[in-house]
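Next come the chains, spelled out residue by residue.
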Amino acid sequence: MNATLRWVRGGGLSTLLLLLPLLLVFGYFAWFPIGRAVVMSFQETNLVTDPAWVGLDNFRRVLEDPLFWTSVRNTFYFTGLALLFGYPVPLVLAVVMSELRRGRGLYSALAYLPVVVPPVVAVLLWRFFYDASQTGVFNTILGWAGLGPFSWIQDASSAMPSLVLQATWANAGATVLIYLAALTAVRGDLYDAAEVDGAGLWRKIWHVTLPQLRAILLITLILQVIATFQVFTEPYLMTNGGPQNATVTVLLQIYNYAFRFGDYGAATALSVLLALFLAVLSAVYFRLTRSWSTT
Amino acid sequence: MSERSILSGFDRARTGTRWSLRAAQGLVLVALAVASLGPILWLARASISTTQDTLRTPMAFWPSGVDWANLSTAWNQAQISHYFANTVWVALGSWFVQLLIATTGGYVLSVLRPRYAPAVTAAVLATLFIPGVVVLVPLFLTVLDLPVVSASLLNTYWAVWLPAGANAFNVLLVKRFMDGLPRDVYEAARMDGAGPLRMLWSVVLPMSKPILGVVSIFAFLNAWKDFLWPQIVLPEPTLQPLSVRLPLIRDTVELDVFLAALLISMALPIVIFLVFQRLFLRGAGLGGAVKG
């Protein structure tokens, strides 16, 4: 009793009260749902009757779904293309921008502008740009050069690259600014030293700039992979998985299981599988890259 | 902060290098302007064009005149004003909850440091490593029927506001900033008899303004951009924000009005970005620093 009183007098109670909003919100909306996800993936949940344990049934149903491997393949394809488009471009932009003596604010603002456009607006706008007719916006522009018309999101083979192009437009600016911040932090005397050794521009970039950015390049790579594996808005609003399931992604599958078919068990089972995959991927990645990121 | 970059002053003095550098920078500026501004300017033009013009000659400048009426039709008839107000309300609430959790949480974990603080910090940090998608369905079921209090938040803005507060990134950003504040100020305040609340309000918060600005701007913007979660927890159309409503009104209004609605939906975030540019650009670099 005395100890409790001393704790209250010493400010222990007011400290706990101040922390209460965080504990409640994280408890209800982060920690509890994370635990519940694991439990639910082994249960049948239908909101009417009490959840029943079904062992590995949910996982079996997800893995036997003919769309499972399609969605996995598409998600890998999206991630791969997103890296191909979206990884080198911001780096080149940031290097050129870091050489600016004046006007860096203007360049940065222009680069970042697409990031503040709400994704739904951007996707719906690009969906219109991708109009496959002769008078579509992109087809008109390409028509000036005698190209096209292309079918963009209406064709199974060009749909995914079209989605990636839009996603890159929407997100590249954020990466540019991260690289730019890292570039301005590179110590000038390293370049001085390289010049004393007779290094030209390309050798300075290769032997000083890139090694100095190594840590940030490695971390943005894995973060980009994790983010692109959870792509949803683009395939949902641009193509809704079509044409011929060419843009069905894992997250679209999860959404459809839960909110179209009411199969919450399958949805959480697939979520847990995706999370496990990303966790293993990150662990392997950090293990592999640890040796070269410390230099 | 280095006073030089890859090219040295000597490099820059050489004519050949100077001109290649200028050419590269000019090229990048044009590319950025076309890629970033192009689609936005096109939308601005299309939202005051007739549907016919936009469909037949998408790259021409008003062959049959400017159609200002689209904007007012979208705002009034298509009820964009209503969904705009919903979006502002959603964003303001999310902003407030995020700021409340991040400041009180960061303050306790960084300044007051009770004995259990490291455990709470670790538990908050852990959620940063769980991909958001994992909790999508269980979070939805939690919102449908809150444990212990057994209330449903479905079709209330609390369903968007409260989960927005469970943002580990904000809490850790604020905590890390407060870790860097001079601790002797707290001791002085404590000597003067300031309690924990008083100290938060009149000592810690005023010193934390820079980081609270960054957290605020991203909290508001991210709430404005959010689509999937509001779509799941706000099935009632009259409550929905713009991002949820826009895909649905696409089929019910004319194309020119729809494009005007898109322009209105992106206007506020862009204005906020232009006004608070410095805060944004600093925050974006900061994001990388914390992640890295």
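Predicted model only: the values in this text are computed from it and were never measured. Residue numbering note: each chain is counted from 1, following its sequence as written. Chain letters and ligand numbers both follow the written order, the letters beginning at A and the numbers at 1. Only residues with pLDDT of at least 70 get local features here, since the model is predicted, and only at 80 or more are side-chain atom pairs given and counted; chain-wide, interface and lining totals rely on the full set of residues.

Engineer: Would you mind showing me how to read the overall build of chain A here?
Structural biologist: Tallying secondary structure elements over chain A gives 14 helices and 2 strands in all. Taken over C-alpha atoms, the radius of gyration comes to 25 Å for chain A, far larger than the 19 Å a tight globule of 295 residues would show. Here the C-alpha coordinates of chain A stretch approximately 70 × 65 × 35 Å along the principal axes. Burial analysis of chain A (295 residues in total) assigns 42% to the buried set. A run of H or I in DSSP becomes a helix once it reaches four residues, and a run of E becomes a strand once it reaches two; helices and strands are each numbered from the N terminus. Atoms considered for the radius of gyration are the C-alpha atoms alone. The globule rule reads 2.2 Å times the number of residues to the power 0.38. Buried, partly exposed and exposed are defined by the number of other C-beta atoms within 10 Å of a residue's own C-beta, namely 20 or more, between the two limits, and 12 or fewer respectively, with C-beta atoms placed from the backbone.

Engineer: Help me understand the UniProt feature "domain: ABC transmembrane type-1" (unreviewed entry) in chain B in this model?
Structural biologist: UniProt positions are given in the numbering used here, feature names are shortened, and annotations may be inferred rather than shown by experiment. Taking the UniProt record as the reference, the feature "domain: ABC transmembrane type-1" (unreviewed entry) is found at residues 84–276 of chain B. Overall, residues 84–276 of chain B shows 74% helix and 0% strand. The separation of its end C-alpha atoms is 21 Å.

Engineer: So what exactly am I meant to see when it comes to the UniProt feature "domain: ABC transmembrane type-1" (unreviewed entry) in chain A here?
Structural biologist: Per the UniProt record, the feature "domain: ABC transmembrane type-1" (unreviewed entry) sits at residues 72–285 of chain A. Here residues 72–285 of chain A runs as 77% helix and 0% strand, with 20 Å between its end C-alpha atoms.

Engineer: Would you mind showing me how to read the UniProt feature "transmembrane region" (unreviewed entry) in chain A here?
Structural biologist: Residues and elements named next belong to chain A. Feature annotation in UniProt places "transmembrane region" (unreviewed entry) on residues 12–31, 76–97, 109–130, 136–153, 213–232 and 264–286, given in this structure's numbering. Taken end to end, residues 136–153 is 44% helix and 0% strand, and its first and last C-alpha atoms sit 12 Å apart. Taken end to end, residues 213–232 has its terminal C-alpha atoms 30 Å apart, with 80% of it in helix and 0% in strand.

Engineer: Can you help me understand the interface of chain A and chain B in this one?
Structural biologist: Bring the parts together and some accessible area is lost; that lost area is often taken as the interface size. Residue pairs qualify as contacts under a 7 Å threshold applied to their C-beta atoms, which are placed from the backbone. Taken together, the 83 residues of chain A in the interface contact 83 residues of chain B. By residue number, the principal contributor to the side of chain A that touches chain B is helix α2 (residues 12–40) of chain A, which donates 19 residues. Under this grouping Gly is polar, as are all residues other than the nonpolar Ala, Val, Leu, Ile, Met, Phe, Trp, Tyr, Cys and Pro and the charged Asp, Glu, Lys and Arg. Counted by class, the side of chain A that touches chain B contains 63 nonpolar, 15 polar and 5 charged residues.

Engineer: Help me understand the nonpolar core, please; the structure alone is not making it clear to me.
Structural biologist: By our criterion, buried Ala, Val, Leu, Ile, Met, Phe, Trp, Tyr and Cys residues that link up through C-beta atoms within 7 Å make up a nonpolar core. Counting 157 residues, the largest nonpolar core has Ile254 and Leu270 of chain A together with Ala261 and Leu262 of chain B as the members making the most contacts within it. When residues of this core are assigned to their parent elements, the largest contribution, 17 residues, is made by helix α9 (residues 156–184) of chain A. When residues no more than four places from it in sequence are discounted, the contact partners of Leu262 of chain B are Val121, Leu124 and Leu125 of chain A together with Leu43 and Leu246 of chain B.

Engineer: Please explain the environment of Gln212 of chain A as it appears in this structure.
Structural biologist: All names here are of chain A. The topology assignment puts Gln212 in helix α11 (residues 201–228). By the C-beta count within 10 Å, which is 17 here, Gln212 ends up partly exposed. A sequence separation of 84 residues divides Gln212 from Phe128, and the C-alpha atoms of the two residues are 42 Å apart. Leaving out residues up to four positions away in the same chain, Gln212 has contacts with Val186 and Leu190.

Engineer: Can you help me understand helix α6 (residues 104–116) of chain A in this one?
Structural biologist: Since the α-helix advances by 3.6 residues per turn, residues separated by three or four positions end up pointing in the same direction. Residues and elements named next belong to chain A. Expected helix span is taken as 1.5 Å per residue step, with the number of steps being one fewer than the number of residues. Given a rise of 1.5 Å per residue, 13 residues ought to cover 18 Å, and the 19 Å separating the end C-alpha atoms of α6 matches this to within 8%. Note that the bend at a residue is defined as the angle between axes fitted to the seven residues ending at it and the seven residues starting at it. At Leu110, α6 shows its maximal bend, which comes to roughly 25 degrees, and the proline Pro114 appears one to four places after that position. Listed as buried for α6 are Tyr107, Ser108, Leu110, Ala111, Tyr112, Leu113, Pro114, Val115 and Val116.

Engineer: Honestly, the confidence of the model for chain A in this entry has me stumped. Any pointers?
Structural biologist: Regions with low pLDDT should not have their predicted coordinates read in detail. A residue's pLDDT is the confidence the predictor assigns to it, expressed on a 0 to 100 scale. Residues with a pLDDT of 70 or more make up 98% of chain A, whose mean pLDDT is 89. Summarising per-element confidence for chain A, the mean pLDDT is lowest in helix α1 (residues 2–9) of chain A (80) and highest in helix α7 (residues 119–129) of chain A (95).

Engineer: I tried to follow the UniProt feature "transmembrane region" (unreviewed entry) in chain B on my own but got confused; where do I start?
Structural biologist: Residues and elements named next belong to chain B. As annotated in UniProt, the feature "transmembrane region" (unreviewed entry) corresponds to residues 21–44, 88–112, 119–144, 156–178, 199–221 and 257–276 in the numbering used here. Between the C-alpha atoms that bound residues 21–44 the distance is 33 Å, and the span itself is 100% helix and 0% strand. Helix makes up 95% of residues 257–276 and strand 0%, with an end-to-end C-alpha separation of 30 Å.

Engineer: Help me understand the packing of helix α6 (residues 117–128) of chain B against helix α9 (residues 168–179) of chain B in this model?
Structural biologist: Angle between the axes and distance between the axes are the two parameters that describe a pair of packed helices. Residues and elements named next belong to chain B. Axes here mean lines fitted to C-alpha atoms, for a helix over just the part in contact, with angles spanning 0 to 180 degrees between N-to-C directions. Relative orientation of the contacting elements α6 and α9 amounts to 130 degrees, with a least axis distance of 8 Å. Here α6 lies oblique to α9, going by the angle between them. Note on packing geometry: the crossing formed by α6 with α9 is left-handed. Within the contact between the two elements, α6 uses Val124, Leu125, Thr127 and Leu128 and α9 uses Ala168, Phe169, Val171 and Leu172. Here the contact of α6 with α9 is composed, by residue class, of 7 nonpolar, 1 polar and no charged. Working definition: roughly parallel below 35 degrees, roughly antiparallel above 145 degrees, roughly perpendicular at 65 to 115 degrees, and oblique for all remaining angles. Less than a right angle of anticlockwise turn of the near helix away from the far helix marks a crossing as left-handed, whereas a clockwise turn marks it as right-handed.

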